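Each chain is listed here by its residues.
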Amino acid sequence: MHDWQAERDWPLLTQGLAGRLRKDCMAQWREFVHHPFVRRVGDGTLAPAAFRNFLIQDYLYLIQYARACALAVHKSDTVAGMRHAAQLLSGILDTELSMHVAYCAGWGIDEAALEQAQESLELLAYSRFILDRAQTGDLLDLLVTMAPCLIGYAELGARLHADPATKREGNPYWSWIALYGGEDYTALVEEGIHRLDQVGAACGAQARYPVLLGEFATSVRLETAFWATARPD
């Protein structure tokens, strides 16, 4: 991988609360976005069976992510905030889950197999950590805990998309790369980063920063561990 600034100028990832959190746990962050899973997706050498297992677990993760978004509606203290969280929830339930089911079908995984699948230990640890912070913390705790997923996939997607070493022609994972490196997901991430800054300013992020950094770093570690769900059968 090349230097980030040489790949793409995306200042939002280096500014504000999200940028500060990312910078202050950079060692763990690099393990996440430069994981062997990411490299093998980029060069097309990841075993198809491993990717199918990952897709199944990612579908189950989306269900738990939707629950966290539902709690974000409850935790919001303004109608505008509730609407924002409700839009995210609707996007997952009404659009993203269906898109994921259709994508999985292209990999030979039908909806029945998705619904019958068991959650991996990595998914259990990660999703329940998010839901714990969603229930016991406030909206800022929740958004900080969810941020590594949101911005991490955008960064790795942008990295792979811009890296000349990434295989495009004949790479079975190119559509996955194009999704997370594309304009639609980038716009969603930028909206989420601005939302995190707004909530951080309203909820005293500066005074709470050490706790928030701990939550973010734990979430990054769990995101990194989640790549291990891509195990071949």
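Data block above holds the structure.
Residues numbered from 1 in each chain as written. Predicted model: local features only at pLDDT ≥ 70, side-chain atom pairs only at ≥ 80, totals over all residues. Heavy atoms only, no water.

A. Summary view of the overall build of the protein chain. Along the backbone of the protein chain there are 12 helices and 0 strands. Start at the N end of the protein chain and walk to the C end: the helices and strands fall as α-α-α-α-α-α-α-α-α-α-α-α. For 233 residues, the compact-globule estimate of 2.2 N^0.38 gives 17 Å, and the protein chain sits close to it at 17 Å. Considered along the principal axes of its C-alpha atoms, the protein chain spans approximately 50 × 45 × 30 Å. Within the protein chain, the fraction of its 233 residues that count as buried is 51%. Of the contacts formed within the protein chain by residues at least 6 apart in sequence, a portion of 81% connects residues at least 24 apart. For the protein chain, the accessible surface area stands at approximately 10,900 Å², while carbon and sulfur atoms represent 55% of it. (Helix = DSSP H or I, 4+ residues; strand = E, 2+ residues; numbered from the N terminus. Rg over C-alpha atoms; globule rule 2.2 N^0.38 Å. Buried < 20%, exposed > 50% of the residue type's maximum accessible area, 1.4 Å probe, protein only. Contact = heavy atoms within 4.5 Å. Areas by Shrake-Rupley, 256 points an atom, 1.4 Å probe, with all protein chains shown as cover.)

B. Up close: the nonpolar core. In this structure, Phe37, Phe51, Phe54, Trp176, Phe216 and Trp227 are the most contacted members of the largest nonpolar core, which totals 77 residues. If near-sequence neighbours (up to four positions away) are discounted, phenylalanine 37 is found in contact with Leu46, Phe51, Phe54, Trp176, Trp227 and Ala230. (Core = buried A, V, L, I, M, F, W, Y, C linked by side-chain atoms within 4.5 Å.)

C. Structural detail: helix H8 (residues 121-136). Over its 16 residues, H8 runs 22 Å from end to end, which matches the ideal 22 Å to within 8%, given 1.5 Å per residue. Residues Glu122, Leu123, Tyr126, Ser127, Phe129, Ile130, Leu131, Arg133 and Ala134 constitute the buried set of H8. Taken together, the buried residues of H8 touch helix H5 (48-75), helix H9 (139-162) and helix H12 (205-226). (Expected span 1.5 Å × (residues − 1).)

D. Main features of the layout of surface pockets. Of the voids in this model, the largest pocket is the one considered here, and its volume is about 1,100 Å³. Considering the residues around the largest pocket, the lining is formed by 44 residues, among which Ile92, Glu96, Leu150, Tyr185 and Leu188 are closest to the centre. In terms of residue count, helix H6 (residues 79-105) provides more of the lining of the largest pocket than any other element does, 12 residues in total. Across the lining of the largest pocket, the residue classes tally to 29 nonpolar, 9 polar and 6 charged. (1 Å grid on protein atoms, 1.4 Å probe; cavity = no way out; pocket = protein on both sides within 12 Å on 5 of 7 lines; lining within 4 Å. Points joined across faces, edges and corners; volume = space filled by probe spheres on them. Nonpolar A, V, L, I, M, F, W, Y, C, P; charged D, E, K, R; others polar.)

E. Examining helix H4 (residues 36-43) more closely. Among all positions in H4, only Phe37, Val38, Val41 and Gly42 are buried. Down the axis, H4 shows its buried residues gathered within 135° of arc, on one side only. (Arc of directions from axis to C-beta.)

F. Representation of the pattern of salt bridges within the structure. Applying the stated criterion across every chain yields a total of 10 salt bridges. Measuring nitrogen to oxygen at the nearest pair gives 2.8 Å for the salt bridge that ties glutamate 155 to arginine 22. On the criterion of sequence distance, the pair formed by glutamate 155 in helix H9 and arginine 22 in helix H2 (residues 16-24) is long-range, its members being 133 residues apart. On the accessibility criterion, glutamate 155 (0% relative accessible area) is buried. With a closest N to O distance of 2.9 Å, arginine 133 and glutamate 215 form a salt bridge. Placement of arginine 133 in helix H8 and of glutamate 215 in helix H12 is noted, with a sequence separation of 82 residues between them. Here arginine 133 matches glutamate 215 in class, with each residue buried. The structure contains a network of salt bridges with shared partners spanning Asp132, Arg133, Asp138, Asp141, Arg208 and Glu215. (Salt bridge = Lys/Arg side-chain N within 4 Å of Asp/Glu carboxyl O.)

G. Representation of the packing of H2 against H12 in the model. The contact between H2 and H12 brings their axes to 10 Å, and the two run at 50°. Looking at the two axes, H2 sits oblique to H12. In the packing of H2 onto H12, the handedness of the crossing is right-handed. Packed against H2, whose contacting residues are Leu17, Arg20, Leu21, Arg22 and Asp24, the element H12 presents Ala205, Gln206, Tyr209, Leu212, Leu213 and Phe216 at the interface. A breakdown of the residues in the contact of H2 with H12 according to their chemical character gives 7 nonpolar, 1 polar and 3 charged. (Axes fitted to C-alpha atoms, helices over the stretch in contact; angles between N-to-C directions. Parallel < 35°, antiparallel > 145°, perpendicular 65-115°, else oblique. Left-handed = near helix turned anticlockwise from the far one by under 90°.)

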